[in-house]
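# What the coordinates show
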Amino acid sequence: PDFKKEPLDYVSNGGNLLIIGPESASLFEKELNIELIDKAEEKINYLEYNGWLAGIKSLSQKIKLGNNAKSFGKIYSDNDFNTPYETAASINDYGKGKIAAIYLDLGERYCNAGTSVGRDFLNSLIHELFPEPIVEVTGSHFVDVTVNTINDKLAVNLVNTSGPHNNPNIKVFDEVPPEGPLQVSIMYANKPEKVTLEPAGKELIYNYKNGKIQLTLPGLEIHDIIVVE
């Protein structure tokens with residue numbers, strides 16, 4: 001109960017919360033403004049995104065939306081758009097923020113059998129919750145982004161996660177393929193004095209328009225930091 005109160009207080013004050021998986025979602029049934037139908041069961045569903053279907057074998061939960069709760073995405077019973085479907089995810093206003101849930105164990109399944117449909121579906125749902133992120137990176141699906149500050153300077157950490165990291169048969173990673181070029185957009189209130197790439201100490205060429213820094217990073221080897229000041 002104490003743990004549940006903490007994220008709900010966060011959402012109430014304007015945060016956005018995404019819950020993944022039926023068991024986790026069941027803890028927030030009231031706040032999601034849904035009704036759970038029957039019990040969650042493991043089966044093969046077909047997740048739809050942008051006109052594509054992806055088979056996902058995982059625990060799944062049927063739900064009924066309450067008033068004002070918004071449906072997001074569909075899960076079909078078969079690999080056919082003419083078959084019945086259920087709600088894949090939902091979004092509900094809660095206090096000053098939003099709370100959303102996916103009614104499949106999407107994360108566990110992605111680790112075992114990743115698909116572009118599952119990844120793009122999740123990314124699209126996150127953009128519903130966070131339509132204006134501080135940083136957006138395009139050009140690769142294998143870049144982890146972490147934003148922090150260093151001595152009051154904005155630091156955008158880019159980490160290359162490409163390579164067979166989830167393959168248990170590979171014991172040593174002797175090569176990580178570089179990623180790029182990457183297009184990076186950073187929200188920043190005023191035109192910066194300079195933007196550098198660390199630890200190389202290289203000053204980057206950028207455009208500043210409508211409160212955003214826009215630049216192209218030719219390549220990412222392992223870990224680079226874009227520092228804005």
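Source: prediction; values computed, not measured.

### Brief notes about the side chain of Thr 83
Topologically, Thr 83 is positioned in the loop between β4 (70–76) and β5 (85–94). Of the residues examined, Thr 83 reaches a relative accessible area of 16% and is grouped as buried. Only 2.6 Å separates the side chain of Thr 83 from the backbone oxygen of Asp 80, close enough to count as a polar contact. Contact partners of Thr 83, with chain neighbours within four places excluded, come to Tyr 76, Ser 77 and Asp 78.

### With respect to helix α1 (residues 2–12)
Within the span of α1, buried status applies to Pro 7, Leu 8 and Val 11. The buried residues of α1 occupy an angular sector of 100° when the element is viewed end-on, so they sit on one face. Turned more than 90 degrees away from the buried face of α1, the exposed residues are Asp 2 and Glu 6. For α1, the elements touching its buried residues are β1 (16–20), α3 (29–32), β5 and β6 (97–102). Just downstream of α1 lies Gly 14, where phi reads positive at about 115°.

The rules behind these values
Residues numbered from 1 in each chain as written. Predicted model: local features only at pLDDT ≥ 70, side-chain atom pairs only at ≥ 80, totals over all residues. Heavy atoms only, no water. Helix = DSSP H or I, 4+ residues; strand = E, 2+ residues; numbered from the N terminus. Buried < 20%, exposed > 50% of the residue type's maximum accessible area, 1.4 Å probe, protein only. Polar contact = N/O pair within 3.5 Å; in protein donor to acceptor, adjacent residues only side chain to side chain. Contact = heavy atoms within 4.5 Å. Arc of directions from axis to C-beta.

The quantities given are spatial measurements derived from coordinates; they are silent on function.
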